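Commentary on secondary and tertiary structure
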Amino acid sequence: MRAVFVFPAMAQAAVVALLDRLSPDQRHPWLVDGCLYPDLTGEDEHLYADWEPAAVRALSRARGDRPRWAVQVDVSGRVDGTVEVRRLTLTLLGRGGVAMDDYSDHVWTAEQIAADATVDGLRFFDFTGHYERNRLAR
């Protein structure tokens with residue numbers, strides 16, 4: 001599974017209501033677009049346990065605080081999932097917030113994701129670019 005962490009600016013209850021609308025038949029995790037498994041996670045559930053300290057610092061700087069919860073979106077490895085994860089992430093960031101993915105320590109804004117911006121040679125959820133970069137570095 002690949003993952004994206006979304007830190008929406010909306011209240012947690014509003015996020016739950018949104019995910020319930022997108023996935024009325026499944027919860028914890030929800031199932032969106034047949035390949036995304038979003039679920040809420042918090043500091044008490046080891047949100048940052050596998051994160052590099054630099055990534056946590058970058059997130060805290062971008063947000064002005066260290067978020068206590070996030071929507072962790074797991075993406076099935078059996079599909080590309082790029083279109084679906086971008087669409088869900090932009091929906092969750094509709095009122096502001098930021099996102100991070102497994103492929104960089106960059107803190108992504110909705111504007112950057114929507115514009116398909118490149119930062120340090122990678123786009124949001126750019127697993128192909130990340131793979132190529134690491135393959136060539138060997």
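This report concerns the structure included in the present document. (Residues numbered from 1 in each chain as written. Predicted model: local features only at pLDDT ≥ 70, side-chain atom pairs only at ≥ 80, totals over all residues. Heavy atoms only, no water.)

Digging into the nonpolar core
The biggest cluster of nonpolar side chains holds 28 residues, and the ones touching the most others in it are Val6, Leu36, Val71, Val73, Val85, Phe124 and Phe125. Contributions of two or more residues to this core are made by strand 1 (2–8), helix 1 (12–22), strand 2 (36–42), strand 3 (69–75), helix 3 (82–92) and helix 4 (110–114). With four residues, the top contributor of residues to this core is helix 1. When neighbours within four sequence positions are excluded, Val71 is seen to be in contact with Val4, Phe5, Val6, Pro8, Val15, Leu19, Pro38, Asp39, Leu40 and Leu92. In this structure, Ala3, Phe7, Trp51 and Val98 belong to the second largest nonpolar core, which totals 14 residues. (Core = buried A, V, L, I, M, F, W, Y, C linked by side-chain atoms within 4.5 Å. Buried < 20%, exposed > 50% of the residue type's maximum accessible area, 1.4 Å probe, protein only. Helix = DSSP H or I, 4+ residues; strand = E, 2+ residues; numbered from the N terminus. Contact = heavy atoms within 4.5 Å.)

Observations regarding the pairing of strand 1
In terms of burial, strand 1 is largely enclosed, as seven of its seven residues are buried. Burial along strand 1 is two-sided: the residues Arg2, Val4, Val6 and Pro8 and Ala3, Phe5 and Phe7 are all buried. Bridge analysis of strand 1 against strand 4 (residues 97–101) gives five bridges, and the strand direction is antiparallel. Paired with Pro8 across the two strands is Gly97, which belongs to strand 4. (Pairing = 2+ DSSP bridges.)

Things to note about the pattern of salt bridges
Scanning the model with the defined rule gives six salt bridges in all. A salt bridge links Arg86 to Asp116; its shortest N-O distance comes to 3.0 Å. Of the two residues, Arg86 sits in helix 3 while Asp116 sits in the loop between helix 4 and helix 5 (127–137), which places them 30 residues apart along the sequence. Owing to a relative accessible area of 17%, Arg86 belongs among the buried residues under this scheme. Overlapping salt bridges bring together Arg86, Asp116 and Arg123 as one network. (Salt bridge = Lys/Arg side-chain N within 4 Å of Asp/Glu carboxyl O.)

So, the environment of Tyr131
Structurally, Tyr131 is set in helix 5. Among the residues examined, Tyr131 registers a relative accessible area of 48% and is labelled partly exposed. Separated by 99 residues in sequence, Tyr131 and Val32 have C-alpha atoms that sit 25 Å apart.

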